[in-house]
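# Architecture at a glance
Chain by chain, the residues run as shown.
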Amino acid sequence: MAKTKVQYEYNMHCLSEILYEYLASAEGLSEWFADDVVERGDDFFFSWGGGPAERATLIRYKPESFVRFRWEEDEGTKYFFELSIVIDEITDDLSLNITDFCEDGDEEENKLYWENLIENLQIKLGAA
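Rules and cut-offs
- Residues numbered from 1 in each chain as written.
- Predicted model: local features only at pLDDT ≥ 70, side-chain atom pairs only at ≥ 80, totals over all residues.
- Heavy atoms only, no water.
- Helix = DSSP H or I, 4+ residues; strand = E, 2+ residues; numbered from the N terminus.
- Rg over C-alpha atoms; globule rule 2.2 N^0.38 Å.
- Buried < 20%, exposed > 50% of the residue type's maximum accessible area, 1.4 Å probe, protein only.
- Contact = heavy atoms within 4.5 Å.
- Areas by Shrake-Rupley, 256 points an atom, 1.4 Å probe, with all protein chains shown as cover.
- Lys, Arg positive; Asp, Glu negative; His and termini not counted.
- Charge placed at Lys NZ, Arg CZ, Asp CG, Glu CD.
- Pairing = 2+ DSSP bridges.
- Axes fitted to C-alpha atoms, helices over the stretch in contact; angles between N-to-C directions.

## Considerations on the overall build of the protein
For the protein, the helix and strand inventory stands at three helices and seven strands. Taken from the N to the C terminus, the helices and strands of the protein come in the order β-α-α-β-β-β-β-β-β-α. Its C-alpha atoms give the protein a radius of gyration of 14 Å, near enough to 14 Å, the size a compact globule of 128 residues would have. Projecting the C-alpha coordinates of the protein onto the three principal axes gives extents of approximately 40 × 30 × 25 Å. By residue count, 45% of the 128 residues in the protein fall in the buried class. Here the contacts in the protein between residues at least 6 apart in sequence split such that 46% fall between residues at least 24 apart. With an accessible surface of roughly 7500 Å², the protein has 45% of that area assigned to carbon and sulfur atoms. Computing the positive centroid from 11 side-chain charges and the negative centroid from 30, the protein places the two 7 Å apart.

## Here's the deal with the pairing of strand E6 (residues 81–87)
In terms of residue burial, E6 counts as a mostly covered element, since five of its seven residues are buried. Bridge analysis of strand E5 (residues 66–71) against E6 gives four bridges, and the strand direction is antiparallel. Note on E6: the bridge partner recorded for Arg-68 is Glu-82. Looking at chain direction, E6 and strand E7 (residues 94–103) are connected through six bridges and run antiparallel. Bridging from a neighbouring strand, Ser-84 pairs with Asn-97 of E7. Joining the antiparallel neighbours E6 and E7 is a turn of six residues, in which Asp-92 adopts a positive phi near 65°.

## Structural notes on the sheet that holds E7
The strand order across the open sheet built from seven strands is E1-E7-E6-E5-E4-E3-E2, with neighbouring strands paired in antiparallel fashion. With one partner strand each, in any of the chains shown, strand E1 (3–12) and strand E2 (36–40) form the two edges of the open sheet. Sheet twist, expressed as the average angle between the axes of neighbouring strands with direction ignored, equals 25°. Looking at chain direction, E1 and E7 are connected through ten bridges and run antiparallel.

Function cannot be read off these values alone, since they describe shape.
Structure, rendered in structure tokens:
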């Protein structure tokens, strides 16, 4: 089934170096993205509520800039989710940009999902 590309931008009030650790490490991701995250090489295993782990592979990254993961179910497709740090050259404001893909018709649910996750991240960072 075809998926729709969605993009979101969230203002963050923190240092890019600290934010990147929350995006690119199992320890950081387990603080806000999933209940438990295990990293094995480029594979990250995410679990929620004691359920079975879901595997996502880190397919691209640039330190202190972005991480891009592909869920196991999306292997062989163009679908991914990316978390990228953008710093405005003029104002020095930092934002977290999200690129994701969701099923057609699930755009609003996907947006609410990310908004809740980012709210948790902002609280953890003291960046709300």
